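# Structure assessment
Take a look at the letters that make up each chain.
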Amino acid sequence: MSTITDDEVATEPERKPTKRQREAARIADAASGGIKVILGKILLLAIVDALALYAIFVLFLNDQWLVLGLVAVVTGIVNWIYFSRRKLPAKYLTPGVIFLVVFQVFVLLYTGYIAFTNYGTGHNGTKEQAVSALMSAALERVPDSPTYGVTVVEQPGTGTLGLLVTDPEGDVQVGMNDAPLAPVNGADMEGGKAVAADGWTSLSFQQVLGRTDEITSLAVPYSDDPNDGAIRTPDGTSGYLYVSTLEYDEAAATITDVATGTVYSDIGTGAFTSEDGEELMPGWQITVGADNFVRAVTDERLGGPLLYVTLWTFAFALISVATTFFLGLFLAIVFNDMRMRGRKIYRVLMILPYAIPSFLSALVWAGMMNESFGFINEVLLGGASVPWLTDPTLAKVSVLIVNLWLGFPYMFLVCTGALQSIPDELQEAATVDGAKPWAVFRLIKLPLLLVTVAPLLIASFAFNFNNFNVIYMLTDGGPRDTDAPIPVGFTDILISMVYKVAFTGQTRDYGLASAYSIIIFIVVAVISIIAFRKTKALEELN
């Protein structure tokens with residue numbers, strides 16, 4: 001066994017780069033060098049840094065320290081990568097990784113987090129914000145309140161309004177809705193009233209008139225103790241002391257209605273609750289564990305709609321995949337026959353529905369299926385009054401018809417390509433052996449075709465399982481199920497039901513909607529894994 005010594009390595013002649021290596025080095029130098037490229041890179045980095053600095057400034061004003069740190073670190077890494085003469089792979093990967101993290105990883109993690117909270121209508125903020133809102137909502141003007149001189153000011157950068165208050169003794173303070181009055185030194189005075197202060201922009205008379213609604217809704221806490229009341233102004237020039245009819249006891253975590261004597265306690269549900277179960281709203285956001293998942297499947301009011309929406313979602317996805325595939329396959333076989341004339345023209349006509357945006361086609365179909373003045377009833381059916389979109393059963397049929405119209409061109413293209421890739425020798429050999437056309441198709445072409453299209457059928461099932469567009473544009477999930485406690489309709493699929501739970505109606509439950517989203521993800525993932533494993537048997541045909 002021989003070994004290579006350091007002397008031998010040192011005396012080994014340096015290898016000359018090959019032609020391909022020299023070409024790669026030339027391309028790399030061209031890509032990374034040149035004054036125009038460098039100036040362009042510096043300009044882009046300057047824009048990125050400027051946006052990052054603005055974001056850091058806003059995050060600093062809102063005390064978002066974790067996000068501020070992440071923005072600063074990522075910005076530093078990006079500058080380090082793009083100012084380095086090496087790190088070539090990282091220069092290409094960095095933009096994609098950043099977008100992947102922001103638009104995929106963050107969204108998934110945040111959805112998972114929300115699913116374990118009570119985030120929704122009435123539970124949007126912190127407990128301190130809820131207390132402040134409750135106290136402000138119950139404010140009443142103190143009958144003998146002194147008059148405070150007031151100047152409406154704006155915080156630069158955020159645009160948040162505040163009040164520059166001069167009390168009867170001449171002391172000047174400033175505060176905002178979420179920041180109690182604090183002393184101000186060196187304020188500009190006119191006629192015994194502060195009109196400007198460092199770090200604030202005073203609003204002109206015209207600006208005050210233009211933002212009257214915002215100004216009259218201001219309630220600046222008088223001190224850190226919410227029971228001391230707040231300063232409000234009806235006209236932007238004078239302020240008065242208001243106190244709440246509620247009394248907050250931070251140590252006991254209770255709020256007492258001084259008018260009725262009712263005590264509301266924090267019992268861990270994210271809202272102050274009285275002994276008889278009455279809740280004061282707004283509450284605050286808390287972690288509720290798996291309550292949303294349990295509620296989604298065990299709550300009788302939600303269980304019924306969830307069951308029939310789930311069944312309809314499976315039926316919609318399966319029927320859509322089956323109908324579009326078999327229609328696309330039939331047309332592909334027909335237009336793949338060499339004896340047919342004008343096949344290219346027919347093929348172009350077949351893919352026209354695929355070339356039109358799906359939401360636009362769905363809207364056109366919605367107009368055509370209108371019961372009162374739709375083209376189908378008025379022209380094709382001679383003035384009939386068929387409730388295509390308002391009857392629960394017909395609405396489902398209408399959705400399937402429109403989705404068939406939207407989906408068959410895709411299957412037609414896929415099947416056409418798959419059929420043309422099957423060698424003609426197989427069909428000729430089977431024909432010579434005496435096989436009939438149907439046997440050739442069933443025993444040879446179809447199995448080989450499924451090898452190619454099976455993964456696409458699985459993908460199509462997953463797509464239709466979450467096909468929000470056609471449902472939303474055609475029926476908006478309707479007709480409405482008036483017996484359901486949540487805003488759900490007879491043609492809603494799971495994803496459109498989640499949308500309605502989260503974003504429609506008077507009560508919006510983001511936590512429950514996120515739990516539904518995770519359940520849908522698990523269902524689709526399990527079905528896809530099982531289906532892909534089953535299709536491995538088809539690969540043996542190759």
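Structure shown above.
What counts as what
Residues numbered from 1 in each chain as written. Predicted model: local features only at pLDDT ≥ 70, side-chain atom pairs only at ≥ 80, totals over all residues. Heavy atoms only, no water. Helix = DSSP H or I, 4+ residues; strand = E, 2+ residues; numbered from the N terminus. Buried < 20%, exposed > 50% of the residue type's maximum accessible area, 1.4 Å probe, protein only. Contact = heavy atoms within 4.5 Å. Pairing = 2+ DSSP bridges. Patch = residues over 30% accessible without salt bridge, like charges linked within 9 Å, V, L, I, M, F, W, Y side chains within 5 Å. Areas by Shrake-Rupley, 256 points an atom, 1.4 Å probe, with all protein chains shown as cover. Salt bridge = Lys/Arg side-chain N within 4 Å of Asp/Glu carboxyl O. Axes fitted to C-alpha atoms, helices over the stretch in contact; angles between N-to-C directions.

### Section: the environment of Ser-136
Counting through the fold element by element, Ser-136 comes out in helix α6 (residues 127–137). A residue is classified by how much of its surface remains accessible, and Ser-136, at 27% relative accessible area, is partly exposed. Spatially, the C-alpha atoms of Ser-136 and Leu-246 are 9.3 Å apart, while their sequence positions differ by 110 residues. Excluding anything up to four places from it in sequence, Ser-136 contacts Ala-219 and Arg-232.

### A short note on the pairing of strand β11 (residues 238–244)
Taken across its seven residues, β11 has six buried, putting it largely inside the fold. With three bridges joining them, strand β1 (residues 139–141) and β11 adopt antiparallel strand pairing. In the strand pairing of β11, Leu-139 is matched with Ser-244. Inspection of the sheet shows strand β2 (residues 148–154) paired to β11 by two bridges, in the antiparallel sense. Paired with Gly-149 across the two strands is Ser-238, which belongs to β11. Across three bridges, strand β10 (residues 230–232) lies against β11 in antiparallel orientation. Its bridge partner being in β11, Ala-230 is matched across the sheet by Tyr-242. Hairpin connection of β10 to β11: five residues between the antiparallel strands, including Gly-236 at a positive phi of 85°.

### Considerations on the environment of Met-368
Checked against the element boundaries, Met-368 lands in helix α13 (residues 358–368). What Met-368 contacts, discounting residues up to four positions off in sequence, is Gly-374, Phe-375 and Ile-376.

### Quick look at a nonpolar patch on the surface
Together, Val-74, Leu-93, Val-97, Ile-98, Phe-99, Leu-100, Val-101, Val-102, Phe-103, Val-105 and Leu-109 make up a nonpolar patch on the protein surface, roughly 990 Å² of accessible area in all. Looking at which element gives the most residues to the nonpolar patch, the answer is helix α5 (residues 88–114), with ten residues. Structurally, Val-105 can be placed in helix α5. A relative accessible area of 37% places Val-105 in the partly exposed class.

### Topic: the sheet that holds strand β14 (residues 263–266)
Strand order in the open sheet formed by five strands is β12-β13-β14-β15-β16, and the pairing between neighbours is antiparallel. A single partner strand is all that each edge strand has here, and the edge strands are β12 (246–249) and β16 (279–280). By the bridge criterion, three bridges tie strand β13 (residues 254–257) to β14 in an arrangement that is antiparallel. The residue of β14 that forms the bridge with Ile-255 is Tyr-264. Across the sheet, α6 lies against β12, β13, β14, β15 (272–273) and β16, angled at about 155° from β12, the strand it touches most.

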